[in-house]
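# Residue-level structural notes
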Amino acid sequence: MTVHDATLLPAGPGTDPVRLSPFDLAAAGFLARYSGQSFEAYRLDLRLFHDWCASVGLDPLAAQRPHLELFARYLEFERGNAPSTVHRRLSCLRMFFRTLHVDGIIDRNPAEYVKMPKVYFDETRMVGLERSEISALIATARASTPTDGALVTMLALLGLRVSEACAVDIEDFQYTERGHRVLRIMGKGGKPASIPLPVPIARAMDRAAEGRTSGPLLLRRDGSRMTRRSADRVVKRLARKAGITRNVHCHLLRHGYVTSALDAGIPLRDVQIMARHADPRMTSRYDRARNNLDRHGNYVLAAYLGGAA
């Protein structure tokens, strides 16, 4: 068992941790803190680092800061990774070596002063779909099939992530709390959430259930649970049918959910709760993005200079 094929970490039944190599044991202890997509991403990052060290004849646990700088250049120039990807993978190594330092496995953290690539983010990309586009997409989805209607409704009017929407079971929205019908989900990072369901949304989900009382809400044509990929195909098909010309993906509906809530006058703190953002700065990005073109200084300057523009 190595970091290449480990799926249950730390060592589970039938696995002797004593037989693991020092690096595999350290990786197992680090990855045991995570689950889901974070686990898979960090496992891949550690595997890439392990393989690179093997290719240059370096013990991963003996790596120094210059080695990590060279690994970063390898990711950038040989693998062609974007700055954001290099930044994320180096961040994984920072946490990994910090954990080894705390555990006393290494004397000091070689990743502490590694130069991180600068990542620039275009906030205008967070605006998402406009109000008219969301309305057209919802109408098109509900006129298609009950499943299509429920999928787009949950993405655009509840702000669910696509993985959250696909994981919804019929039992999850049969609860009532303090007079509100709610949907109970397990969100990002394993955080549970109870989301109130306005009547039109609850009706769309009930129609998708089609009399069933248990099992997945969103089904594919073969009767199996809808996946992220199949959901993305459905959204793209419906967007084309609704006459939306730009590239539409599932997460763009969540972006539209947040910006539409801000446009509707909902306070920023309440929108943060709606979107289940752990950090209010993430919600603020949407707030800055939705009007940063409308109030751009170029328009003021053009008006000030008159005909010169």
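Source: prediction; values computed, not measured.

## A look at the overall build of the protein chain
A tally of helices and strands in the protein chain yields 13 helices and three strands. Sorting the 309 residues of the protein chain into buried and exposed places 39% on the buried side. Carbon and sulfur atoms provide 53% of the accessible area of the protein chain, an area that totals close to 17,600 Å².

## Considerations on the side chain of His277
As for its placement among the helices and strands, His277 is situated in the loop between α11 (268-275) and α12 (280-291). Overall, the relative accessible area of 10% leaves His277 in the buried class. If we skip the residues at most four places from it in the chain, His277 touches Arg254, Val258, Gln272, Met282, Thr283 and Tyr286.

## Focus on the sheet that holds strand β2 (residues 180-186)
Read from one edge of the open sheet, three strands run β1-β2-β3, paired in antiparallel fashion. A single partner strand is all that each edge strand has here, and the edge strands are β1 (175-177) and β3 (192-196). In this sheet, adjacent strand axes meet at a mean angle of 50° when their direction is disregarded. Looking at chain direction, β2 and β3 are connected through five bridges and run antiparallel. Considered in β3, the bridge of Leu183 is made with Ile195.

Conventions and cut-offs
- Residues numbered from 1 in each chain as written.
- Predicted model: local features only at pLDDT ≥ 70, side-chain atom pairs only at ≥ 80, totals over all residues.
- Heavy atoms only, no water.
- Helix = DSSP H or I, 4+ residues; strand = E, 2+ residues; numbered from the N terminus.
- Buried < 20%, exposed > 50% of the residue type's maximum accessible area, 1.4 Å probe, protein only.
- Areas by Shrake-Rupley, 256 points an atom, 1.4 Å probe, with all protein chains shown as cover.
- Contact = heavy atoms within 4.5 Å.
- Pairing = 2+ DSSP bridges.
- Axes fitted to C-alpha atoms, helices over the stretch in contact; angles between N-to-C directions.

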